[in-house]
Amino acid sequence: MAEVDGQVSEQAGAIRVRALAAIEGAEAMEDLQRVEREFTAKNGPVGALLASIKTAPPLERRGIGQAVNELKGAITCALEQRREALAADRLAAERRADDFDPTLPAASLDVGSLHPLTHVVRRLEEIFTQMGYAVLDGPEVELEFYNFDSLNIPGDHPAREHFDTFWCRSEAPEAASARLLMRTHTSPVQMRALERMELPFRAIVPGRCFRNETTDASHEHTFHQMEGLVVGEGITVGHMMGAMKTFLRELFQKDLEVRLRPGYFPFVEPGFELDVRCPFCADRKTRGCSVCKRSTWIELCPSGMVHPVVLRHGGVDPERYTGFAFGLGLSRLVMLRFGIDDIRHLLGCDLRFLSQF
Ligand code: FA5
């Protein structure tokens, strides 16, 4: 062990005696904090001793470092013991006080809870990962190319009118399709997945979308969707129906009928509207309720077989591979699951609403 310079060791001993006496003499937490600051601050006595290392001969430096560490350890230990003793004294004094009533209920803690959207997203992720799906993410500020063009919706396509878009302003002039927008749906992640994922694959994409729409009880400018995409050899509409039935059975804990109606989206062919038998009145004798507007069916999501043009844009050979995609209205599914009658509650940040979950 390196030899400690006698003077340093004397100084360390003196600081230790002073520090321990000051700690022992602290009558309250505030005094103890002051003593702690005084001795452990960089410009305090321990700090000064440590700084002397810089000017000490090389052979003595290790010894000085060791002496300072021991000193720090002794001070920390004494501080800790005094802190515990003061806390115990304070508690004992409170218990002795006349107004201490141990039968009073404890002060309530404000405990947070999960947002209803988080509940449903976590459950859906659990269900779909059990079915072998990957959970993907994509940018909310998206390129026009991914949101529209790559999905077979070029600039002059009338389907663009369906998506009321928030465009991002930019100082620099952009090339066509390099313009930025707030994604209007989770479908752009379809193209990003096709570009990156190894085939075959199954994926879901829960996420926020934005539309420049007038809001009402079932429309928000900011809402959630969950995209689903499965691509491989021999994938058919039958596989899509199977996946939807399975996830609905898991989510609602009962077998629910689904049906397809024709639907149109430029990035699927054929395209469908997928409906589900209303989970709230399917079992009852009197069919129809306010949730399904007395029809016993609820519109669940648009869906379809991925258009060959989209597969080609993603570098996938449509002669060999097929796939299905769906775009679940997640916000509306959450409303259905928890009986919420106005979508604006979801992102309204009202604690009276949120604390119910
Ligand atoms: C689409 O967004 C397509 N990308 C869905 C798709 C994916 C089709 C894959 C085919 C294949 P649509 O605009 O219909 O489709 O929106 C899908 C769902 O999002 C709707 O059924 C609805 O539940 C929800 N949604 C749409 N706009 C809003 C809004 N303003 N507020 C709340 N939910 C909305």
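Rules behind the numbers
Residues numbered from 1 in each chain as written. Predicted model: local features only at pLDDT ≥ 70, side-chain atom pairs only at ≥ 80, totals over all residues. Heavy atoms only, no water. Phe/Tyr/Trp six-rings, centres within 6.5 Å; stacked < 30°, edge-to-face > 60°. Helix = DSSP H or I, 4+ residues; strand = E, 2+ residues; numbered from the N terminus. Buried < 20%, exposed > 50% of the residue type's maximum accessible area, 1.4 Å probe, protein only. Lys NZ or Arg CZ within 6 Å of the ring centre and 35° of its normal. Core = buried A, V, L, I, M, F, W, Y, C linked by side-chain atoms within 4.5 Å. Contact = heavy atoms within 4.5 Å. Near = heavy atom within 4 Å. Polar contact = N/O pair within 3.5 Å; in protein donor to acceptor, adjacent residues only side chain to side chain. Areas by Shrake-Rupley, 256 points an atom, 1.4 Å probe, with all protein chains shown as cover. Nonpolar A, V, L, I, M, F, W, Y, C, P; charged D, E, K, R; others polar. Salt bridge = Lys/Arg side-chain N within 4 Å of Asp/Glu carboxyl O. Domains from an automatic or database assignment. Axes fitted to C-alpha atoms, helices over the stretch in contact; angles between N-to-C directions. Parallel < 35°, antiparallel > 145°, perpendicular 65-115°, else oblique. Pairing = 2+ DSSP bridges.

## Focus: the packing of aromatic side chains
Taken as a whole and assessed by the stated rule, the structure comprises 10 aromatic pairs. Aromatic side chains phenylalanine 338 and phenylalanine 357 sit 5.2 Å apart centroid to centroid with 80° between the ring planes, which places their arrangement in the edge-to-face category. Of this pair, phenylalanine 338 sits in helix H10 (residues 330-338) while phenylalanine 357 is found in the segment after helix H11 (351-354), placing the two residues 19 residues apart along the sequence. The partly exposed category is assigned to phenylalanine 338, whose relative accessible area is 29%. According to the relative accessible area criterion, phenylalanine 357 is partly exposed, its value standing at 22%. An aromatic cluster of three or more residues is present, and its members are Phe128, Tyr133, Phe247, Phe324 and Phe326. The ring of tryptophan 167 has arginine 179 lying over it, and the distance from NZ or CZ to the ring centre is 4.3 Å. When the ring centre of tyrosine 146 is taken as origin, the NZ or CZ atom of arginine 192, which lies over that ring, is 3.9 Å away.

## Things to note about the nonpolar core
Formed by 46 residues in total, the largest nonpolar core has its most connected members in Leu124, Phe128, Phe247, Leu300, Phe324, Leu328 and Leu333. At the level of secondary structure, the elements contributing two or more residues to this core comprise helix H5 (116-130), strand S5 (222-232), helix H8 (237-252), strand S7 (268-277), strand S8 (297-306), strand S9 (322-329), H10 and H11. Here this core takes 8 residues from H8, the largest share from any one element. Excluding its chain neighbours within four sequence positions, the residues that come into contact with leucine 300 are Met244, Phe247, Leu248, Leu274, Asp275, Val276, Leu328, Gly329 and Leu333. With 26 residues, the next largest nonpolar core counts Ala159, Met191, Ala203 and Tyr321 among its residues.

## Some points on the site of the ligand
Near the ligand there are 24 residues, and of these His162, His185, Ser187, Arg211 and Glu213 occur at the shortest range. For the ligand, an oxygen atom lies 2.7 Å from a polar atom in the side chain of histidine 162. Between an oxygen atom of the ligand and a side-chain N or O atom of arginine 332, the distance comes to 3.4 Å. Burial of the ligand by the protein chains amounts to 93% of its free accessible area of 680 Å². Secondary-structure elements contributing two or more residues to the shell around the ligand are S5, S8 and S9. Taken together, the residues of the shell around the ligand sort by class into 9 nonpolar, 10 polar and 5 charged.

## Things to note about the pattern of salt bridges
Summed over the entire model, instances satisfying the criterion amount to 17 salt bridges. The partner of glutamate 233 in a salt bridge is arginine 320, with the nearest N and O atoms 3.4 Å apart. Of this pair, glutamate 233 sits in the loop between S5 and H8 while arginine 320 sits in the loop between helix H9 (308-313) and S9, and the two are 87 residues apart along the sequence. For glutamate 233, a relative accessible area of 52% corresponds to the exposed category. A salt bridge links aspartate 275 to arginine 259, with the shortest nitrogen-to-oxygen separation between them at 2.9 Å. Here arginine 259 lies in strand S6 (residues 258-263) and aspartate 275 lies in strand S7, a separation of 16 residues in the sequence. Judged by relative accessible area, which is 1%, aspartate 275 ranks as buried. Looking at arginine 259, the relative accessible area reads 32%, which means it is partly exposed.

## Observations concerning the domain arrangement of the protein
For the protein, the assigned domains read domain 1 (2-96) and domain 2 (116-354). Once you take the C-alpha centre of each, domain 1 and domain 2 turn out to be 62 Å apart.

## Focus on the packing of helix H2 (residues 29-40) against helix H4 (residues 58-96)
Interhelical geometry of H2 versus H4 gives an angle of 170° and a closest axis separation of 10 Å. Comparing their axes, H4 and H2 come out roughly antiparallel. Residues Met29, Glu30, Leu32, Glu36 and Phe39 of H2 touch H4, and the partners they reach there are Ile75, Leu79, Arg82, Arg83, Leu86, Ala87 and Arg90. Looking at side-chain class alone, the contact of H2 with H4 contains 7 nonpolar, no polar and 5 charged residues.

## Topic: the sheet that holds S7
Strand order in the open sheet made by the 7 strands is S1-S4-S5-S9-S8-S7-S6, with mixed pairing throughout. At either margin of the open sheet sits one strand with a lone partner, and together these are strand S1 (134-135) and S6. Each of strand S4 (201-210), S5, S8 and S9 is contacted by helix H7 (residues 188-196), which is oriented at about 35° to S5, the strand it contacts most.

## Section: the pairing of S5
Within S5, 11 of the 11 residues are buried, leaving the element largely enclosed by the surrounding structure. Pairing analysis gives 10 bridges linking S4 to S5, with the strands arranged antiparallel. The residue of S5 that forms the bridge with phenylalanine 201 is valine 231. Pairing of S5 with S9, which is carried by 8 bridges, proceeds in the antiparallel orientation.

## Quick notes on the side chain of aspartate 275
There is a polar contact of 2.6 Å between the side chain of aspartate 275 and the side chain of arginine 261. Those residues in contact with aspartate 275, other than ones at most four positions away along the chain, are Glu257, Val258, Arg259, Arg261, Trp297, Ile298, Glu299 and Leu300.

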